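# Architecture and fold: a report
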Amino acid sequence: MVLIDSIIGVGEIAIADHRGSQPSADELARIAADVRVGGMLAAKRGVVSIHVGEHESQLSLLNKVLRDFDVAANQFLPTHMNRNESLVKAGVAFTQQGGCIDFTASTTDQLIELGELRASSALALALSEGANIDQLTLSSDAQGSLPNFDQNGKLDSLQIGSISSLLDEFRRCVIEQNIALEKALKTVTINPARVLGLHHKGRINSGVDADLLLLDPDTLQLDAVMAQGQWLMLDGTRVTTTRFGE
């Protein structure tokens, strides 16, 4: 964190998941402390991203760290918190201790059939449970794996998270869940920027990065994209390519 500018924290560390390294509370507290000191030295936010799995233990390990060690809840950012309704509610309780939680936009029909909530539905549920919109974020998990396991824990299929899922879920927040546009917008702009300490992102102002999406006011369909002050899409048509092509 001190030597490499693009490193702003540590993650994802898996808890409540059979694929994780099964860290103890002591280990997780030590990681959080190291990241906090590194962040202080490097003038960075120093967040520990936590991958939360489907196990019934949910956030019990994080709660133990907060109870037994001098570590603040906002040192962690639990993600994939929309695996089921119970986990969303556990996440709301975590926010009431001062933390923030993240809902994953990428999902599959099979995962939804098994109980996972769309990020938009999870956001609506969290708000109905009394969560503060400023402590909620959405992310795409783009290019991350979306595995499906059978009842014996064997990998059954594997899909890949999509970057477009974030805009899709933002649109659902407003159109299907009737969440106010200004509230939904926070979860994909200023909130994640603040949580991660990216002061040059997430807002429109002088001296910050010119990253803009222009949406149709009625349908919220994507019309134009600007990144770092350069137009990548205008009137729904790509006008340039990135180093990665399509």
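Structural notes, computed from the coordinates. Counting of residues starts from 1 at the beginning of each chain's written sequence and follows it residue by residue. Local features in this predicted model are restricted to residues whose pLDDT is 70 or higher, and side-chain atom pairs enter the listing and the counts only when it is 80 or higher, whereas totals over whole chains, interfaces and linings include all residues. The basis for every side-chain value is the complete set of heavy atoms in the structure, and neither hydrogens nor water enter the calculation.

With that settled, the discussion passes to the environment of I7. In this fold, I7 is placed in the segment before β1 (9–15). Along the chain, I7 and G39 lie 32 residues apart, while their C-alpha atoms are 9.8 Å from each other. Not counting chain neighbours up to four residues away, the residues in contact with I7 comprise M1 and K44. Helix numbers and strand numbers start at the N terminus; a helix is a DSSP run of H or I with at least 4 residues, a strand a run of E with at least 2. Note on contacts: a residue pair is in contact if any heavy atoms of the two residues lie within 4.5 Å.

Attention shifts here to the sheet that holds β1. Pairing between the strands of a sheet comes from backbone hydrogen bonds, and it takes one of two forms, parallel or antiparallel. When DSSP finds two or more bridges between a pair of strands, those strands are recorded as paired. Strand order in the open sheet formed by 3 strands is β1-β2-β3, and the pairing between neighbours is parallel. In this open sheet, the two edge strands, each paired with only one partner strand, are β1 and β3 (76–79). The sheet shows a mean angle of 25° between the axes of neighbouring strands, direction not considered. For β1 and strand β2 (residues 47–52), the ladder comprises 5 bridges, and the chain directions are parallel. Counterpart to V10 in the pairing with β2 is V48. For helices, the fitted line uses only the C-alpha atoms of the stretch in contact; every axis is such a line through C-alpha atoms, and the angle between N-to-C directions lies from 0 to 180 degrees.

What makes a salt bridge here is a side-chain nitrogen of Lys or Arg within 4 Å of a carboxyl oxygen of Asp or Glu, nothing more. In this structure the tally under the stated criterion is 10 salt bridges. Note that D68 and K64 form a salt bridge whose closest N and O atoms lie 2.8 Å from each other. One end of the pair, D68, and the other, K64, are both in helix α2 (residues 60–68), 4 residues apart, so they sit about a helical turn from each other. A simple rule labels every residue: compare its accessible area, found with a 1.4 Å probe on the protein chains alone, to the largest value its type can have, and call it buried under 20%, exposed over 50%, or partly exposed in between. By relative accessible area, which is 34% here, K64 ends up partly exposed. Among the ionic pairs, R172 bridges to E169, the shortest N-O distance being 2.6 Å.

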